[in-house]
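Residues per chain are reported as follows:
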Amino acid sequence: MLNTTLCYVLRGDEVLMLHRTKKKNDINQDKWIGIGGKFEGMESPDECLLREAKEETGLTLTSWRCRGVVTFLTADGFGEYMYLFTADGFEGELTDCPEGELKWVSRDFLNDLPKWEGDQIFLDLLWQDAPFFLLTLRYDGDRLVEAVLDGKRLQR
């Protein structure tokens with residue numbers, strides 16, 4: 001299983017989003033996602049979060065919270081544990097990202113951007129300030145086939 005982080009950096013009612021347009025063979029091509037990436041070596045989730053934030057945005061996070069763990073499972077046998085964060089404190093200036101375009105967007109506008117179907121489930125949990133959660137998302141290709149929140153299957 002792959003270990004990754006994903007973070008939504010908040011500034012008032014805006015969220016820093018990454019429009020994935022620059023990487024070749026990118027599973028997230030043309031989608032809008034938060035910032036983050038794969039663990040390196042023996043990194044903890046916090047260490048990965050801080051490194052990825054700095055690499056992708058130029059920002060140093062000063063206040064963050066782990067909100068849940070999302071497990072992605074696919075029909076072709078891929079698995080990923082993603083530690084999901086929000087951050088509401090940072091220092092520095094935004095830099096160009098090698099993976100796409102960074103943009104501050106309002107939460108309302110975010111709902112209309114192209115993203116993975118399951119992302120809306122955990123974004124809704126974040127915006128509702130839900131307690132720490134475990135979410136499993138099963139995909140067949142780009143299609144979400146099952147979502148299980150804290151052991152209970154979600155009706156879609």
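Look up a bit, the structure's there.
Residues numbered from 1 in each chain as written. Predicted model: local features only at pLDDT ≥ 70, side-chain atom pairs only at ≥ 80, totals over all residues. Heavy atoms only, no water.

Visitor: Teacher, can you tell me more about the overall build of the protein here?
Guide: Per the secondary structure count, the protein includes three helices and 10 strands. If you list the helices and strands of the protein from N to C, you get β-β-β-β-α-β-β-β-α-α-β-β-β. The C-alpha atoms of the protein give a radius of gyration of 15 Å, which matches the 15 Å a tight globule of 156 residues would have. Referenced to the eigenvectors of the C-alpha coordinate spread, the extents of the protein come out at roughly 40 × 35 × 35 Å. Restricting to contacts in the protein with at least 6 residues of sequence separation, those with at least 24 account for 63%. (Helix = DSSP H or I, 4+ residues; strand = E, 2+ residues; numbered from the N terminus. Rg over C-alpha atoms; globule rule 2.2 N^0.38 Å. Contact = heavy atoms within 4.5 Å.)

Visitor: Hey, could you run me through the environment of Val 9 in this one?
Guide: Here Val 9 lies in strand E1 (residues 2-11). For Val 9, a relative accessible area of 1% translates into the label buried. Placed 107 residues apart in sequence, Val 9 and Trp 116 show a C-alpha to C-alpha distance of 18 Å. Every residue in contact with Val 9, bar those within four places of it in the chain, is listed here: Glu 14, Val 15, Leu 16, Ile 35, Leu 61, Ala 87, Phe 90 and Trp 104. (Buried < 20%, exposed > 50% of the residue type's maximum accessible area, 1.4 Å probe, protein only.)

Visitor: Whenever I open this one, the packing of aromatic side chains confuses me. Can you help?
Guide: Throughout the structure, instances matching the rule amount to five aromatic pairs. Geometrically, the ring pair formed by Trp 116 and Tyr 139 is edge-to-face, given 5.3 Å between the ring centres and 75° between the ring planes. One end of the pair, Trp 116, is in the loop between helix H2 (107-110) and helix H3 (119-127); the other, Tyr 139, is in strand E8 (residues 133-140), with 23 residues separating them in the sequence. By way of ring pairs, the aromatic residues Phe 72, Trp 116 and Tyr 139 are connected into one cluster. The ring of Trp 104 has Arg 11 lying over it, and the distance from NZ or CZ to the ring centre is 4.1 Å. Sitting above the plane of the Trp 127 ring, Arg 107 keeps its charged end 4.3 Å from the centroid. (Phe/Tyr/Trp six-rings, centres within 6.5 Å; stacked < 30°, edge-to-face > 60°. Lys NZ or Arg CZ within 6 Å of the ring centre and 35° of its normal.)

Visitor: Mind showing me how you'd approach the state of the cysteines here?
Guide: Disulfide: a covalent bond formed between the sulfur atoms of two cysteine residues. On inspection of all chains with the given rule, the structure shows zero disulfides. The cysteine Cys 97 is free of any disulfide, with Cys 7 supplying the nearest cysteine sulfur at 13 Å. Assessed through its relative accessible area of 3%, Cys 97 is described here as buried. (Disulfide = S-S within 2.5 Å.)

Visitor: Got a minute to help me understand helix H1 (residues 45-57) in this structure?
Guide: Because each turn of an α-helix spans 3.6 residues, side chains separated by three or four positions in sequence point in the same direction. For H1, which comprises 13 residues, the first-to-last C-alpha distance of 18 Å matches the rise-based estimate of 18 Å (1.5 Å per residue) to within 8%. For H1, every residue scored as buried is listed here: Cys 48, Leu 49, Arg 51, Glu 52, Ala 53, Glu 56 and Thr 57. Contacts made by the buried residues of H1 are with E1, strand E2 (14-20), strand E4 (35-38), strand E5 (60-74), strand E6 (79-91) and strand E7 (100-106). (Expected span 1.5 Å × (residues − 1).)

Visitor: What am I meant to see in the nonpolar core here?
Guide: Within the largest apolar cluster, 27 residues are counted, with the highest numbers of intra-cluster contacts made by Tyr 8, Val 70, Leu 84, Phe 122, Phe 133, Leu 135 and Leu 137. Residue assignment for this core shows that the elements contributing at least two residues are E1, E2, E5, E6, H3, E8 and strand E9 (143-149). Sorting elements by how many residues they give to this core places H3 first, with five residues. Not counting residues up to four positions away in its chain, the partners in contact with Tyr 8 are Val 15, Met 17, Ile 33, Gly 34, Leu 84, Phe 85, Thr 86, Ala 87, Asp 119, Phe 122, Leu 123 and Leu 126. Judged by nonpolar contacts, the second largest core, of 15 residues, contains Leu 61, Phe 85, Ala 87 and Leu 102. (Core = buried A, V, L, I, M, F, W, Y, C linked by side-chain atoms within 4.5 Å.)

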